[in-house]
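# Coordinates in review
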Amino acid sequence: MQAPPGFFIDAQGRKRDWYCEDVLSGKLEVERVFEDDAVLAFHHPFPAAAVHVVVIPKRHVPSLLGPEALEPALLVAMLGGVQEVARRLALGTEGVKLTANAGAPGVTPHMHWHVTSPL
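Residues numbered from 1 in each chain as written. Predicted model: local features only at pLDDT ≥ 70, side-chain atom pairs only at ≥ 80, totals over all residues. Heavy atoms only, no water.

### A word on the environment of Ala38
Here is the rule: The helix count covers DSSP runs of H or I at least four residues long, the strand count covers runs of E at least two residues long, and both are numbered beginning at the N terminus.
In this structure, Ala38 sits in the loop between strand E1 (32-35) and strand E2 (39-43). Measuring from C-alpha to C-alpha, the distance between Ala38 and Lys58 comes to 5.5 Å, with 20 residues separating the pair along the chain.

### Here's the deal with the nonpolar core
Definition in use: Here, the term nonpolar core denotes a set of buried Ala, Val, Leu, Ile, Met, Phe, Trp, Tyr and Cys residues that are joined through side-chain atoms within 4.5 Å. For every residue, the accessible area (1.4 Å probe, protein chains only) is compared with the maximum for its type, and the residue is labelled buried under 20%, exposed over 50%, or partly exposed between those bounds. Contacts are residue-level and defined by heavy atoms, with any inter-residue pair within 4.5 Å sufficient.
With 19 residues, the main nonpolar core has Val53, Val55, Met78, Val85 and Met111 as its most contacted residues. Contributing elements (two or more residues each) for this core: E1, E2, strand E3 (52-57), helix H2 (72-88) and strand E5 (113-116). Looking at this core element by element, the count peaks at six residues for H2. Residue contacts for Val53: discarding those within four places in its chain leaves Val33, Ala41, Phe42, His43, His44, Val85, Leu89, Trp113, His114 and Val115. Counting seven residues, the second-largest nonpolar core is a separate cluster that includes Tyr19, Leu40, Val54 and Ile56.

### Let's talk about the pairing of E1
Sheet faces and side chains relate simply in a regular strand, where the side chains alternate between the two faces. What counts, and what does not: A strand pair is defined by DSSP finding two or more bridges across the two strands.
With three bridges connecting them, E1 and E2 associate as antiparallel partners. Considered in E2, the bridge of Glu35 is made with Leu40. Counted along the chain from E1 to the antiparallel partner E2, the turn is three residues long.

### What about unusual backbone geometry?
Although it is not a glycine, Ala90 adopts a positive phi angle of roughly 55 degrees. Following the sequence through the fold, Ala90 ends up in the loop between H2 and strand E4 (97-100).

### A short note on H2
Just so we agree on the cut-off: What a helix should span is 1.5 Å times the count of its residues minus one.
A rise of 1.5 Å per residue sets the reference length of H2, with its 17 residues, at 24 Å; its end C-alpha atoms lie 24 Å apart and thus fit the reference within 8%. Buried-residue contacts for H2 involve E1, E2, E3, E4 and E5. Just past H2, the residue Ala90 takes up positive phi, approximately 55 degrees.

### Notes on the side chain of Thr116
Locating Thr116 in the fold gives a position in strand E5. If we ignore the near neighbours within four places in the chain, the residues touching Thr116 are Ala49, Val51, His52, Val96 and Lys97.

### Focus on the sheet that holds E5
This is how the line gets drawn: For helices, the fitted line uses only the C-alpha atoms of the stretch in contact; every axis is such a line through C-alpha atoms, and the angle between N-to-C directions lies from 0 to 180 degrees.
Spatially, five strands are ordered E1-E2-E3-E5-E4 in an open sheet, and the strand pairing comes out antiparallel. A strand with exactly one partner marks an edge of an open sheet, and here the two such strands are E1 and E4. With strand direction ignored, the average angle separating the axes of adjacent strands in the sheet is 20 degrees. Relative to E5, E3 runs antiparallel, the two sharing four bridges. Bridge pairing links His52 to Thr116 in E5. Contacts from H2 reach E1, E2, E3, E4 and E5, with the element oriented near 155 degrees to E3.

### A look at the side chain of Ser117
Positionally, Ser117 belongs in the segment after E5. Its relative accessible area of 9% is what places Ser117 among the buried residues. Beyond its immediate stretch of four places on either side in the chain, Ser117 contacts Ala49, Ala50, Val51, Glu94 and Lys97.

What follows is the structure in structure tokens.
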């Protein structure tokens, strides 16, 4: 399933933070895999792989490249979310591919990690 045209773009033509605006606000229902006080992991509504889960911080962190991303508690929570996704989806034997996009034009301006099946 593909995203509707313009779904990821704001009125000024920039990539919008749909993680905060739609997912965390509850506007877009997603299938949650794991959630705690700090992070949310959910099946991507427009998957690019057989398994495609996104792990995001619940508070706005604009980019993996920003100083907010260096907070040890945040990194521990994000990595814990990835491990919990692998455990809950029984991916431990086949492994996962972890992708972190940041800073480039067209990247959602909210720190996020994609957990996908390796192939």
